[in-house]
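# Notes for the structure review
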Amino acid sequence: MEKKGIKQSRNIVITGPESSGKTTLFEQLKNLSGFNFIPEYSRTYLEKIKRPYHYNDILQIANYYVTEFKSVSQNKLSVISDTDLLTLQIWCEFKYKKCHPFIIENLKINPPDLYLICSPNIPWEFDPQRENPNDRLELFDIYEKKIKSLGVDYQIISGYLNLRLERAK
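Now for a look at the structure at hand. Predicted model, so just to flag it, every value in this text is computed and none were measured. Position numbers for residues count from 1 along each chain, tracking the sequence in the order it is written. Under the rules for a predicted model, residues below a pLDDT of 70 receive no local features and side-chain atom pairs below 80 are neither given nor counted, while totals for whole chains, interfaces and linings still include all residues. In computing side-chain values, all of the structure's heavy atoms are included and hydrogens and water are not.

Counting secondary structure elements, the protein chain contains seven helices and five strands. In this description a helix means any DSSP run of H or I spanning at least four residues, a strand means any run of E spanning at least two, and both kinds are numbered starting from the N terminus. The N-to-C order of helical and strand elements in the protein chain reads β-α-β-α-α-β-α-α-β-α-β-α. Note that the radius of gyration is over C-alpha atoms, with the globule rule given as 2.2 Å times the number of residues to the power 0.38. The C-alpha radius of gyration of the protein chain comes to 15 Å, within 12% of the 15 Å expected for a compact globule of 169 residues. If one aligns the C-alpha atoms of the protein chain with their principal axes, the spans along those axes are about 40 × 35 × 30 Å. Buried means the residue's accessible area, taken with a 1.4 Å probe over protein chains only, is under 20% of the maximum for its type, while exposed means over 50%, and partly exposed covers the values in between. The proportion of buried residues among the 169 residues of the protein chain is 47%. Should any heavy atoms of two residues lie within 4.5 Å, those residues are considered in contact. Long-range contacts, defined as pairs at least 24 residues apart, comprise 75% of the intrachain contacts of the protein chain with a sequence gap of at least 6.

And the structure:
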């Protein structure tokens, strides 16, 4: 269930299952002023390693997010991130049935103020890095349950891509 009456947030994360419009929404929001933006690093990392990824690669991605957030949040502007440690936790648990303690601990220590969860109600698009075309609804439910357990405010962003920007604002 969505939480209502959300306050203006300092740390906003766009999250959700693969191919749910996260990066598209992130790119649209980058036109707003007064924010720092942290793009998705997983894709960049996976392209650089030029091999199948392993469990410990997810830890390297997590280290990047923690360091990058500390860096960009120093200037006191609000931060909008395209995914975060929650995505990495779900990725680890879904694929490997375990998660690095570093990811879990850092997510608990510094949770975002607001999650924008992108609904997978748009068509799945092939991408060589995507692995779960048939599990998106199950993953969406996992995201929502995890966010509720963190006690973080959230909004579900659904509908066609052209409506999502207005809903996110």
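Another point: the environment of Leu 137. With respect to the helices, strands and loops of the structure, Leu 137 is situated in helix α6 (residues 136-150). Residue classification places Leu 137 among the exposed positions, given a relative accessible area of 61%. Here the alpha-carbon distance between Leu 137 and Pro 120, two residues 17 residues apart in the chain, equals 6.7 Å.

All right, on to the state of the cysteines then. Should the sulfur atoms of two cysteines be covalently bonded, the bond is a disulfide. Note on terminology: disulfide denotes any pair of cysteine sulfur atoms within 2.5 Å. Within the structure shown, the criterion is met by zero disulfides. Free of any disulfide, Cys 92 has its nearest cysteine sulfur in Cys 99, 4.3 Å distant.

Secondary-structure assignment places Ser 78 in strand β3 (residues 78-82). Here the alpha-carbon distance between Ser 78 and Pro 17, two residues 61 residues apart in the chain, equals 24 Å.

With that settled, consider helix α1 (residues 22-29). Among the residues of α1, Lys 22, Leu 25, Phe 26 and Leu 29 are the ones counted as buried. The buried residues of α1 occupy an angular sector of 105° when projected down its axis, which confines them to one face. The inward-facing, buried residues of α1 abut β1 (11-15), β2 (35-38), β3, β4 (114-118), β5 (153-157) and α7 (161-168). Working definition: the arc comes from the directions between the helix axis and the C-beta atoms, pointing outward to the latter.

A word on the packing of helix α4 (residues 85-96) against α6. The axes are straight lines fitted to the C-alpha atoms, using for helices just the contacting stretch, and the angles between their N-to-C directions are given from 0 to 180°. One way to put it is that α4 packs onto α6 with a least axis distance of 11 Å and a crossing angle of 125°. In terms of orientation, α4 and α6 fall into the oblique class. Like other packed secondary-structure pairs, α4 and α6 cross with a definite hand, here right-handed. Here α4 contributes Leu 86, Thr 87, Gln 89, Ile 90, Glu 93 and Phe 94 to the contact with α6, which in turn contributes Glu 138, Leu 139, Ile 142, Tyr 143, Lys 146, Ile 147 and Leu 150. Residue polarity is assigned by list, with Asp, Glu, Lys and Arg as charged and Ala, Val, Leu, Ile, Met, Phe, Trp, Tyr, Cys and Pro as nonpolar; anything else, Gly included, falls into the polar class. A breakdown of the residues in the contact of α4 with α6 according to their chemical character gives eight nonpolar, two polar and three charged. Here the word oblique covers every angle except those under 35 degrees (roughly parallel), over 145 (roughly antiparallel) and from 65 to 115 (roughly perpendicular). Each crossing gets its hand from how the near helix is turned against the far one by less than a right angle, where anticlockwise is left-handed and clockwise is right-handed.

Only buried Ala, Val, Leu, Ile, Met, Phe, Trp, Tyr and Cys residues count toward a nonpolar core, and they belong to the same one when joined by side-chain atoms within 4.5 Å. Leu 85, Leu 88, Ile 103 and Tyr 115 are the most contacted members of the largest nonpolar core, which totals 33 residues. Here this core takes eight residues from helix α3 (residues 55-72), the largest share from any one element. Sequence-distant contacts of Leu 85, that is, excluding residues within four places in its chain, are made with Ala 62, Tyr 65, Val 66, Ile 103, Asn 106 and Leu 107. With 13 residues, the next largest nonpolar core counts Ile 12, Leu 29, Phe 37 and Cys 118 among its residues.

Here is the rule: rings of Phe, Tyr and Trp (six-membered ring for Trp) pair when centre to centre is within 6.5 Å. Planes less than 30 degrees apart are stacked, more than 60 are edge-to-face, and the remainder are tilted. With the rule as written, the count across this model stands at seven aromatic pairs. Ring geometry for Tyr 41 and Tyr 64: centres 3.7 Å apart, planes at 20°, overall stacked. Taken together, the positions of Tyr 41 in the loop between β2 and α2 (42-49) and Tyr 64 in helix α3 put the pair 23 residues apart, joining distant regions of the chain. Look at Tyr 64 and you get partly exposed, because its relative accessible area is 25%. Measuring from ring centre to ring centre gives 5.9 Å for Tyr 64 and Tyr 65, while their planes differ by 70°; the resulting arrangement is edge-to-face. For Tyr 65, a relative accessible area of 6% gives the class buried.

Fair warning: the whole summary comes from geometry, so function is off the table for now.
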